[in-house]
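Residue-level listing of the chains:
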Amino acid sequence: MIQGFKEFIMRGNVVDLAVALVIGVAFAKVVEVVVGSIITPLLNAAGGANASGLGFEILKGNPSTYMDFAAIINALIVFLLTALVVYLAFVVPMNKFNERRHGGLEPAVEVTDEVATLREIRDLLAVRREGNL
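Residues numbered from 1 in each chain as written. Predicted model: local features only at pLDDT ≥ 70, side-chain atom pairs only at ≥ 80, totals over all residues. Heavy atoms only, no water.

(A) Local environment of the overall build of the chain. Counting secondary structure elements, the chain contains four helices and two strands. Listing the helices and strands of the chain from first to last along the sequence gives α-α-β-β-α-α. Buried positions account for 14% of the 133 residues belonging to the chain. As presented, the chain carries roughly 10,700 Å² of accessible surface, and 68% of it is formed by carbon and sulfur atoms. (Helix = DSSP H or I, 4+ residues; strand = E, 2+ residues; numbered from the N terminus. Buried < 20%, exposed > 50% of the residue type's maximum accessible area, 1.4 Å probe, protein only. Areas by Shrake-Rupley, 256 points an atom, 1.4 Å probe, with all protein chains shown as cover.)

So, in structure tokens, the structure goes:
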């Protein structure tokens, strides 16, 4: 039972997913604050001195209809930076670990008796064709 659980946990895709989820959630807040503190003011400044940011109001004088493009751009930047850090800090090292653990080779496929017999027949037919030509 313990061995089966260990094999389940040590699968690359399960570990990658778990690490990405936990670290991604934790790191997303840090990236969100950094982007919100640095990128948002720069994007809002692009709207001009009289604008309230990078966006516009659908109905003039109604702030609830404001379409905030800076927030959309910030969300995309937060997502991309979080994904990049999780990939570089956790997924790449885990893939390298798995590659070293398996010796960089694909696991050997066991050949059944039927496949071995078919290969022998194929080889004999190839020799026979070469002799007739």
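And the narrative resumes.
(B) Representation of the confidence of the model for the chain in the model. When the pLDDT values of the chain are averaged, the result is 75; 74% of them are 70 or greater. By mean pLDDT, helix α1 (residues 2-10) is the weakest element of the chain at 65, and helix α4 (residues 113-132) is the strongest at 88. (pLDDT = per-residue confidence, 0-100.)

(C) Structural context of the environment of Val-22. Turning to its location among the elements, Val-22 is positioned in helix α2 (residues 12-45). When the C-alpha positions of Val-22 and Val-86 are compared, they lie 9.7 Å apart, and in sequence the two are 64 residues distant.

(D) Local environment of a nonpolar patch on the surface. Taken together, the side chains of Ile-58, Leu-59, Met-67, Phe-69, Ile-72, Ile-73 and Leu-76 define a hydrophobic patch exposed on the protein surface, amounting to about 620 Å² of accessible area. A per-element tally of the nonpolar patch places helix α3 (residues 69-101) first, with four residues. Its location among the elements puts Phe-69 in helix α3. Looking at Phe-69, the relative accessible area reads 32%, which means it is partly exposed. (Patch = residues over 30% accessible without salt bridge, like charges linked within 9 Å, V, L, I, M, F, W, Y side chains within 5 Å. Salt bridge = Lys/Arg side-chain N within 4 Å of Asp/Glu carboxyl O.)

(E) Highlighting the environment of Val-111. Tracing the backbone through its elements, the reader meets Val-111 in the loop between α3 and α4. Val-111 has contacts with Ala-116 and Arg-119, leaving out every residue within four places of it along the chain. (Contact = heavy atoms within 4.5 Å.)

(F) Molecular detail of the pattern of salt bridges. Applying the stated criterion to the full structure yields one salt bridge. The salt bridge partner of Asp-123 is Arg-122, with a shortest N-O separation of 3.3 Å. Taking the relative accessible area as the measure of exposure, Asp-123 reaches 42% and is therefore partly exposed.

(G) Looking closely at α3. Here α3 spans 46 Å end to end across 33 residues, near enough to the 48 Å set by a 1.5 Å rise per residue. Inspection of α3 places Ala-70, Asn-74, Val-78, Thr-82, Val-86, Val-91, Met-94 and Asn-98 among the buried residues, and these make up the whole buried set. With its phi angle positive at about 70°, Gly-103 sits one or two positions after the end of α3. (Expected span 1.5 Å × (residues − 1).)

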